[in-house]
Amino acid sequence: IPVDVLGSSSYIGLSHPAKALLLDIAWQYRGRNNGCLLTSLKFLRLRGWKSADVVDRAKSQLIESKLIYQTVQGHRPNKASWYAITWHALDANDRYDYGAAAGFKRGAYRDLKINVLSPSGGTEPVCIVPSAGD
């Protein structure tokens, strides 16, 4: 994952499960398959995921933060949804849902401005010294 993604407010604002899921999605990218990346629990179980609810919440955060983009809507019983990471170009595929390729925007995560929390005491450096007492 590029450092500009890791330093973005979109990434910094994610929960830990969403960050972990992003790693498992990015791990699937092989240079010509952006848009065909999976988040199904059946696939993710092989990567150690156990809860469909945790995966769904993390996936929702990633979509909302525009770090991933859905290209195919899955449906039961055997069709998984597909996703693309937004820091790479979308790879051509005629099996994407209608309009999915046109709606993809590379770097969309940069457009999202999220307020990142800072410590209540501010971010000024604090000088720590030994106490003057015994």
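The structure under discussion appears in the preceding block.
Residues numbered from 1 in each chain as written. Predicted model: local features only at pLDDT ≥ 70, side-chain atom pairs only at ≥ 80, totals over all residues. Heavy atoms only, no water.

Participant: How would you summarise the overall build of the chain if you had to cite specific residues and measurements?
Facilitator: Secondary structure assignment for the chain yields six helices and three strands. Traced from its N-terminal end to its C-terminal end, the chain shows the element sequence α-α-α-β-α-α-β-β-α. Taken over 134 residues, the chain has a buried fraction of 34%. Taking all contacts inside the chain whose residues are at least 6 apart in sequence as the whole, residues at least 24 apart take part in 55%. For the chain, the exposed area adds up to about 8,900 Å²; of that, 55% sits on carbon and sulfur atoms. (Helix = DSSP H or I, 4+ residues; strand = E, 2+ residues; numbered from the N terminus. Buried < 20%, exposed > 50% of the residue type's maximum accessible area, 1.4 Å probe, protein only. Contact = heavy atoms within 4.5 Å. Areas by Shrake-Rupley, 256 points an atom, 1.4 Å probe, with all protein chains shown as cover.)

Participant: Can you tell me about a nonpolar patch on the surface, naming the residues and giving the values?
Facilitator: A surface patch of nonpolar side chains, amounting to about 360 Å² of accessible area, comprises Ile-1, Val-3, Leu-6 and Leu-23. Tracing the backbone shows Leu-6 in helix α1 (residues 3-6). Take Leu-6: its relative accessible area is 35%, and that puts it in the partly exposed class. (Patch = residues over 30% accessible without salt bridge, like charges linked within 9 Å, V, L, I, M, F, W, Y side chains within 5 Å. Salt bridge = Lys/Arg side-chain N within 4 Å of Asp/Glu carboxyl O.)

Participant: A description of the nonpolar core should follow, citing residues and the corresponding values.
Facilitator: Formed by 21 residues in total, the largest nonpolar core has its most connected members in Leu-21, Leu-22, Ile-25, Leu-62, Leu-67, Ile-68 and Trp-87. For this core, the secondary structure elements donating two or more residues are α3 (16-26), α4 (41-44), α5 (52-64) and β3 (82-85). It is α3 that provides the largest number of residues to this core, a total of five residues. For Leu-62, the residues in contact, after removing those within four places along its chain, are Leu-14, Ala-18, Leu-21, Leu-22, Ile-25, Leu-67 and Ile-68. Core analysis: the second largest hydrophobic core is formed by seven residues, Trp-82, Ala-84, Leu-90 and Tyr-96 among them. (Core = buried A, V, L, I, M, F, W, Y, C linked by side-chain atoms within 4.5 Å.)

Participant: How would you sum up the packing of α3 against α5? Please name residues and give values.
Facilitator: Here α3 crosses α5 at 80°, and the two axes come no closer than 8 Å. Relative to α5, α3 is oriented roughly perpendicular. Across the interface between the two elements, Pro-17, Ala-18, Leu-21, Leu-22 and Ile-25 of α3 pack against Val-54, Val-55, Ala-58, Lys-59, Gln-61 and Leu-62 of α5. For the contact of α3 with α5, the residue count by class is nine nonpolar, one polar and one charged. (Axes fitted to C-alpha atoms, helices over the stretch in contact; angles between N-to-C directions. Parallel < 35°, antiparallel > 145°, perpendicular 65-115°, else oblique. Nonpolar A, V, L, I, M, F, W, Y, C, P; charged D, E, K, R; others polar.)

Participant: Break down the sheet that holds strand β2 (residues 68-72) for me, with residues and values.
Facilitator: Taken together, three strands build an open sheet; the order of strands is β1-β3-β2 and the sheet is antiparallel. With partners counted over all chains shown, the strands left at the sheet margins are β1 (37-38) and β2, one partner each. Examined bridge by bridge, β2 and β3 share four bridges and lie antiparallel to one another. Each bridged residue has a counterpart across the sheet, and for Tyr-69 the counterpart in β3 is Ala-84. (Pairing = 2+ DSSP bridges.)

Participant: Kindly report on α5, identifying the contributing residues and their values.
Facilitator: Residues that lie three or four places apart on an α-helix share one face, since the helix turns once every 3.6 residues. Taking 1.5 Å of rise per residue, 13 residues should cover 18 Å, and α5 covers 18 Å from first to last C-alpha, within 8% of that figure. For α5, the set of buried residues is Val-55, Ala-58, Lys-59 and Leu-62. The arc that holds every buried residue of α5, seen down its axis, measures 100°, which confines them to one face. At its buried positions, α5 is contacted by α3, α4, β2 and β3. For α5, the side-chain oxygen to backbone nitrogen distance between the N-cap and Asp-53 is 3.3 Å, and the N-cap itself is Ser-51. The first or second residue beyond α5 is Lys-66, which carries a positive phi of 65°. (Expected span 1.5 Å × (residues − 1). Arc of directions from axis to C-beta. Polar contact = N/O pair within 3.5 Å; in protein donor to acceptor, adjacent residues only side chain to side chain.)

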